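One-letter residues, chain by chain:
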Protein chains: 2
Amino acid sequence: MSKSALVILAQGAEEMETVITVDMLRRGGVTVTLAGLDSNAPVLCSRQVTLVPDKSLTDALAENPQFDAVILPGGLEGSDRLSKSSIVGTLLKDHEKNGRIVAAICAAPTAFVAHGIAKGKKLTSYPTTKDKISGDYTYVEGERVVVDDNIVTSRGPGTAYWFGLKLIEMLTGKEKADQVEKGMIISGY
Amino acid sequence: MSKSALVILAQGAEEMETVITVDMLRRGGVTVTLAGLDSNAPVLCSRQVTLVPDKSLTDALAENPQFDAVILPGGLEGSDRLSKSSIVGTLLKDHEKNGRIVAAICAAPTAFVAHGIAKGKKLTSYPTTKDKISGDYTYVEGERVVVDDNIVTSRGPGTAYWFGLKLIEMLTGKEKADQVEKGMIISGY
Ligand SMILES: [Cu+]
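Remember, it's a predicted structure, so these values are computed and weren't measured experimentally. (Residues numbered from 1 in each chain as written. Chains lettered and ligands numbered in written order. Predicted model: local features only at pLDDT ≥ 70, side-chain atom pairs only at ≥ 80, totals over all residues. Heavy atoms only, no water.)

## A few points about the interface of chain A and chain B
Between chain A and chain B, the contact holds 37 residues from the first and 37 residues from the second. A combined buried area of about 3100 Å² lies between chain A and chain B, and 61% of that area is made up of carbon and sulfur atoms. When residues of chain A are sorted by the area they lose upon contact with chain B, Met16(A), Tyr161(A) and Tyr189(A) head the list and together hold 22% of the total. With a closest N to O distance of 2.7 Å, Glu14(A) and Arg27(B) form a salt bridge. If you look at where chain A meets chain B, you find 18 residue pairs in polar contact (both at pLDDT 80 or more). If you list the elements that add at least two residues to the side of chain A that touches chain B, you get α1 (15–27), β4 (50–52), α6 (160–172) and α7 (174–184) of chain A. (Contact = heavy atoms within 4.5 Å. Buried area = accessible area lost by both parts, 1.4 Å probe. Salt bridge = Lys/Arg side-chain N within 4 Å of Asp/Glu carboxyl O. Polar contact = N/O pair within 3.5 Å; in protein donor to acceptor, adjacent residues only side chain to side chain. Helix = DSSP H or I, 4+ residues; strand = E, 2+ residues; numbered from the N terminus.)

Spelled out as structure tokens, the structure:
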């Protein structure tokens, strides 16, 4: 059975981080559900692109309570909404406890802090959100993607290709990630 | 007045190429219209992400017949639909004649060939579509983005960041492009 990933879409999410992640994981053979935080209605993102979720988060979790990965796109407003959502908090804690992949990019690692997730782990995030990653974390600045056990974080829209590749590698293997990289023509220039 | 760009969204378009381009140009201060080829209804893209256009192409052109740039995202099915559209053909010819920017990424440069646009110019495209760029063109393989006068082409989803940066540079200047690159954290790793 193919691996499954849940990408949670909140109003004000960074649209390219969202779409790059969903698209790349699907290229990598992962079954991805793009779930609307509040409903299945279209979601206005940070640069006024409107994305239609596959279903609501509630429906997604009713159908599959245990995705292999839960992924949070960034965007300041989107990350703030993810930080304030109790359903997201419960889901992240549950996934962490079960050792499944929990990933966030850009401003979204602040939602880990808000929900008390990933304590003691190495994290990165969008540079201007660094001061919000306070407490029991080791902040990493020199890498596009940081992996610590099951916790995956990345820095911004311009690192989203490598965030996607790392998640493909962790879910379906390095060979598949290399295929996707080649098919997208990320490297070699 | 800020520069304007029209991104034409057809069913089966490559969603990350579409969204990266729109998002980046908006970060660069360009007024972007994402126009649905057939209507203003939501459009299902190549990896099953659904995007909502800002308006239909007909309405977009009624409001602004002369955008500073017309941009075609790739995706095989999307590019094929753009290649077969007479409204797109008329628009491209008109823009070329007026010396305005005409840009395409991935499979979309095949629409230039279909509509007899950019003859005599240097072009690039997604590698597997190279044999469709036949006739009076100079095909370039070693660069992420190729500019020949007002014609801008790029290779695939993995070169979309640099396609966006080049378009920002041409529309609003190198300084703005550098700001966007820095804000997105594309380089430096
Ligand atoms: Cu962000």
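## So, the packing of aromatic side chains
Describing an aromatic ring pair means giving the distance of the ring centres and the angle of the ring planes. Residue and element names in this part refer to chain A. Within the structure shown, the criterion is met by three aromatic pairs over all chains. Ring centres of Tyr161 and Trp162 lie 5.6 Å apart, and the angle between their planes is 55°; this geometry places the pair in the tilted category. Owing to a relative accessible area of 0%, Tyr161 belongs among the buried residues under this scheme. We classify Trp162 as buried; its relative accessible area is 17%. (Phe/Tyr/Trp six-rings, centres within 6.5 Å; stacked < 30°, edge-to-face > 60°. Buried < 20%, exposed > 50% of the residue type's maximum accessible area, 1.4 Å probe, protein only.)

## Let's talk about the nonpolar core
Core analysis: the biggest nonpolar cluster contains 76 residues, and Met24(A), Tyr161(A), Met24(B) and Tyr161(B) have the highest contact counts within it. When sequence neighbours within four positions are dropped, the list of residues in contact with Met24(B) reads Met16(A), Ala160(B), Tyr161(B), Gly164(B), Leu165(B), Ile168(B), Val180(B), Met184(B) and Ile186(B). (Core = buried A, V, L, I, M, F, W, Y, C linked by side-chain atoms within 4.5 Å.)

## Things to note about helix α4 (residues 86–97) of chain A
Along an α-helix, residues three or four apart share an orientation, since each turn contains 3.6 residues. Residue and element names in this part refer to chain A. For α4, with 12 residues, the first-to-last C-alpha span of 17 Å sits near the 16 Å given by 1.5 Å per residue. All of the buried residues along α4 are Val88, Gly89, Leu91, Leu92 and His95. The buried side chains of α4 occupy one side of the element, clustering within an arc of 165° when seen end-on. Opposite its buried face, α4 presents the exposed residues Ser86, Thr90 and Lys97, each directed more than 90 degrees away. (Expected span 1.5 Å × (residues − 1). Arc of directions from axis to C-beta.)

## Here's the deal with helix α4 (residues 86–97) of chain B
Residue and element names in this part refer to chain B. Those residues of α4 that are buried lie in contact with β1 (4–9), α2 (57–63), β6 (69–72), α3 (76–84), β7 (101–105) and α5 (109–114). For α4, the N-terminal cap is Ser85; the gap from its side-chain oxygen to the backbone nitrogen of Ile87 is 3.4 Å. Positive phi appears at Gly99, one or two residues downstream of α4, with a value of about 70°.

Distances and angles like these do not, on their own, reveal function.
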